[in-house]
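Summary of structural features
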Amino acid sequence: MTDTGPPAPRPPLLATKLHPPRRRRTLIARPRLTHLAERSRQRALTLVSAPAGFGKTTLVAEWFADSEGTAWLSLDQRDDDPVAFWTYVVATLDAAAPELSSHAATLLQSPGAPLDAVVSTLINDLETAAQDLVLVLDDYHLIESTDIHQSLAFLLEHLPPQIRLVIATRADPPLPLASLRASGDLLEVRAADLRFTTEEAGSYLGDAMDLALTDRDVEVLDSRTEGWIAALQLAALSMQGRSDPSSFVADFAGDDRFILDYLADEVLEHQASDVREFLLATSILPRLTGPLCAAVTGRDDARAILEHLERSNLFLIALDDRRTWYRYHHLFGDVLRARLADDHADLVPELHRRASAWYAANGEPHEAISQAVSGGHPLLAAELIERAASAMQRARQEDQLRSWLESLPPEVFDDRPVLADTLAGARMASGDPTGVEALLDLAESQLEPDQQPVVIDQAAYRQLPAMISIHRAGLSLLAGDPDGTITHATRALALAGEQDPLQRGAGSALLGLAQWSQGELVSAQERYTEALQRFEVGGYLPDAMGISLALADMQLAQGRLRDAQRTLEHALDLTVEHPGLRGAADMHVGLSEVLIERNELDRAADHLETSAELGESAGLPQHPYRRRVTTARLLRARGDLDGALSLLDEALPLYATDYSPPVRPVEALRARVQLARGDLDLAEDWARRRRFGVDDTLTYVQEFEHITFARVLVARGAADKSLAPTEHARTLLNRLLDAAEEGGRIGSTIEILVLLSALHDARDDVPAANQALGEALRRAEPEGHIRLFLHAGPAVTRLLRSIATTEGPASYAATVLAAAEVAQGAEPTARPRQDLLLDRLSDREIDVLRLLRGDLSGPDIARELHVSLNTLRTHTKHIYTKLGATNRREALTRAGELGL
């Protein structure tokens, strides 16, 4: 785990990226394309997609440059980072419509704010736009981040009607183009549309470039370039000043690569030597400005040369109206860099070093590092990376850190312990343990007194012992070594400062994970509760959400439904108090798990629907499979076994527990549904693949699977009318019961007792059956467990009926019997209305209802319960709905009538 701390300072935004390029003097009229601008305003997405040099940017700029309500963003490789990308998107929208995206802008400044929440907030901001807006993303092919593609697809899916998106790109982006095409919301402009016609080529060459060409010359050039605008432009520049342009056209031939290389040679050869050298030296720069070019070339007249290049129309594109920043045309830049590598390869490292020094001195560490890496300066890059690493870790930029660090020679890390640990942490952040152990050994060896390590970040160096232990604890956990995890996590806690919430929270969480995997749920819960408190106090709320979800899982395993509900509801309160905090969708799924066990299926469905409305973007990494699994449980409870199995099939490839133990594998859940469908052979296939046996060594991690295996044995005994499988199942269940009771796992204990009661009944041992079922009911009643009784067959229903008859209609057996009769299609036994309402009201809602009886105001009640006023209003609204009341007085009156 890395320190999220205060938000990392971000580099200043380049205002030049937020404006379309200046209009060229050589533009020609293309009415067949300019009329598409109006059609573009009628589509959600306009995609201008074609290879380099087809005039995409020029066309889109011509469409929208002078129109109000246009937000322009010129993308570059540095924007292939979700935070940077959406920061610029929000900035350009703000430039087009001030204050419109203020909420999203504020959220982007929050440390650890999920980008999906930023996009959702931005959509809500855009919904309020009073005017039509066009967002233009130019050079989108430079974006490769899956997170950016997915979040942009989400924006498209929910785009307000007054907003339009225009993308100019060299390659089709991975967006839902097919569905947009089918719905008529996509306008496509392709290379075939952008190519110059012969008439347009003639107008460009003759009128704009002032060349005296015959119609035949124009036809030949247009044919051989296939209307490729960049090639025509290069050809036109090569022909300027020639006394016989027709001879040039006659000799002009070749494929695209040949044409490009040939024309570039011609253009470069016609430049003065000092201009040519300037072009080659500055080709390493993604953007050009006078001072930067002066630093790289050593020339004092760099600004004047840039202005000369622009006036000469030499593939230099001005990025602002003040002629401060420029860039080369992409194709021309490619050619310049190729020529530089061929003619002056020895100069390339020094040029990159100069550029890196200028960027570092001017507060652009990312560009400084990129130039150092590109120039083959590993020691310089290492120093710059170590200086930037802490801020980048706080900004969750481990992927970029890893990319840079892995590009360095291995020997660079030999005497740089901070960098070695940084790379180890960057890999662990993505769950990749490759080479981490060796890196930690290397970092640790440099802590010895006789070593003289190279240290740039002294604070990070002082924290190394604790961080190395935390990373080793994570490695042990991934390797299935809980004892090793405990050893390293304990050492990390001993080394961490008492007031360091991150290191102490991480150490406690890792200890809890190890204890959880060993079935020591009481100890694990204590550790997780401590970690949760540390993370909350320290403001590490994303970590607190993940801890809350795992803590609720432990509480469910212990059968403590009320505690799990409180944990999940508290986490939901955090998402209300901190908009944009990811995890709300997971908490709703967790609450639906609690409600399904209580057999409150409608309320469970409400939470699952809320989770679906929030979307997977509001969830933690495990959310995609957890939501499907829980929805499958609900479908099974409602009798839709095929639907349940289908969802479990979807969940199977998504199953990922992160660092948590895999205590409920999807395949075991599938086997249970297969048993319910009567597919015994398929369930047995699963058991054979898992090589389960009655005499297996029992572990908590496999407890759920072993109970499932016992169910398979029971089913086989019933199918064959054979006692052997049934006796094997009874033997296994008795062993499992001992282990579950010893570990305090009440949920497993109840399920095992229910299954044993059915087995005793099958042997006509009614007293033993009633005793087992009675004990299960006794343990289930305090927390409201019901569902565990409903998947053990009609024998259990018959036993419930017998116990309910003896104990009376107010007994818990009668409550469970009513649910069992409904599940089996029978008419349920009536239950008192107040009992039903007590089940429907959550513990927190009951707390609110009690406080409503007093004189406390709404804000006073919120403070008493330690929740926000908005959260209190939500609880109050739910209470009114469930009691059929419209105000506080009516709710209290109704509660009194029902004896609540």
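Before reading further, recall that the structure is shown in the block above.
Heads up: these notes are all about the structure in this document.

1. Here we look at the pattern of salt bridges
Across all of its chains, the model carries 56 salt bridges by this definition. Here Lys-17 makes a salt bridge to Asp-79, at a shortest N to O gap of 2.5 Å. Here Lys-17, found in the segment before α1 (31-34), pairs with Asp-79, found in the loop between β2 (70-74) and α4 (82-96); they are 62 residues apart in sequence, far enough to count as distant. The pair formed by Lys-17 and Asp-79 is uniform in burial state, with each residue classed as buried. Residue Glu-751 pairs with Arg-672 through a salt bridge whose shortest N-O separation is 2.7 Å. With a gap of 79 residues between them, Glu-751 in helix α40 (residues 746-762) and Arg-672 in helix α36 (residues 666-677) connect regions that are remote in the sequence. Take Glu-751: its relative accessible area is 5%, and that puts it in the buried class.

2. Quick notes on the packing of helix α42 (residues 794-807) against helix α43 (residues 812-823)
Put simply, α42 and α43 touch, their axes get as near as 8 Å, and they point 145 degrees apart. Considering only the axes of α42 and α43, their crossing is left-handed. Of the residues in α43, those touching α42 at Thr-797, Leu-800, Arg-801, Ile-803, Ala-804 and Glu-807 are Ala-813, Ala-814, Val-816, Leu-817, Ala-820 and Glu-821. In the contact of α42 with α43, the residues fall into eight nonpolar, one polar and three charged.

3. Examining the nonpolar core
Formed by 64 residues in total, the largest nonpolar core has its most connected members in Leu-733, Ile-752, Val-754, Leu-773, Leu-777, Phe-789 and Leu-800. For this core, the element with the highest residue contribution is α40, accounting for eight residues. Apart from residues lying up to four places away in sequence, Leu-800 is in contact with Leu-773, Leu-777, Ala-813, Val-816, Leu-817 and Ala-820. In terms of nonpolar packing, the next biggest core, distinct from the first, is built from 59 residues, Leu-280, Leu-306, Ala-318 and Ala-368 among them.

4. A few points about the packing of α36 against helix α38 (residues 703-720)
Two elements in contact, α36 and α38, have axes whose closest approach is 10 Å; the angle formed by their N-to-C orientations is 20 degrees. Taken together, the axes of α36 and α38 lie roughly parallel to each other. The crossing of α36 and α38 is left-handed. On α38, the residues that touch Ala-668, Leu-669, Ala-671, Arg-672 and Leu-675 of α36 are Phe-704, Glu-705, Ile-707, Thr-708, Arg-711, Val-712 and Ala-715. Looking at the contact of α36 with α38 residue by residue, the classes come out as eight nonpolar, one polar and three charged.

5. A look at the sheet that holds strand β8 (residues 325-328)
A sheet is described by the order of its strands in space; here three strands give the open sequence β6-β8-β7, paired in antiparallel fashion. Every other strand in the sheet has two partners, leaving β6 (288-289) and β7 (316-318) as the edge strands with one partner each. Here two bridges tie β6 to β8, and the two strands are oriented antiparallel to one another. Residue Leu-288 lies in a different strand from β8, and its bridge partner there is Tyr-326.

6. As for the sheet that holds β2
Reading across the sheet, the five strands line up as β2-β3-β4-β1-β5 and stay open at both edges, with parallel pairing between neighbours. Strands with a single pairing partner mark the edges of an open sheet, and in this sheet they are β2 and β5 (186-189). Put simply, the sheet's adjacent strands are angled 15 degrees from each other on average, direction ignored. One ladder, built from five bridges, connects strand β1 (residues 45-49) with strand β4 (residues 163-169); its direction is parallel. The partner of Ser-49 across the bridge, within β4, is Thr-169.

7. With respect to the environment of Asp-764
Mapped onto the fold, Asp-764 is located in the loop between α40 and α41 (766-780). Residue classification places Asp-764 among the exposed positions, given a relative accessible area of 66%. Distance in space between the C-alpha atoms of Asp-764 and Ala-531 is 50 Å, their sequence separation being 233 residues.

8. Some remarks on helix α31 (residues 561-577)
Its 17 residues place the ends of α31 24 Å apart at the C-alpha level, agreeing with the 24 Å of an ideal helix rising 1.5 Å per residue. What α31 keeps buried is the set Leu-561, Ala-564, Gln-565, Thr-567, Leu-568, Glu-569, Ala-571, Leu-572, Asp-573, Leu-574 and Thr-575.

The rules behind each value
Residues numbered from 1 in each chain as written. Predicted model: local features only at pLDDT ≥ 70, side-chain atom pairs only at ≥ 80, totals over all residues. Heavy atoms only, no water. Salt bridge = Lys/Arg side-chain N within 4 Å of Asp/Glu carboxyl O. Helix = DSSP H or I, 4+ residues; strand = E, 2+ residues; numbered from the N terminus. Buried < 20%, exposed > 50% of the residue type's maximum accessible area, 1.4 Å probe, protein only. Axes fitted to C-alpha atoms, helices over the stretch in contact; angles between N-to-C directions. Left-handed = near helix turned anticlockwise from the far one by under 90°. Contact = heavy atoms within 4.5 Å. Nonpolar A, V, L, I, M, F, W, Y, C, P; charged D, E, K, R; others polar. Core = buried A, V, L, I, M, F, W, Y, C linked by side-chain atoms within 4.5 Å. Parallel < 35°, antiparallel > 145°, perpendicular 65-115°, else oblique. Pairing = 2+ DSSP bridges. Expected span 1.5 Å × (residues − 1).

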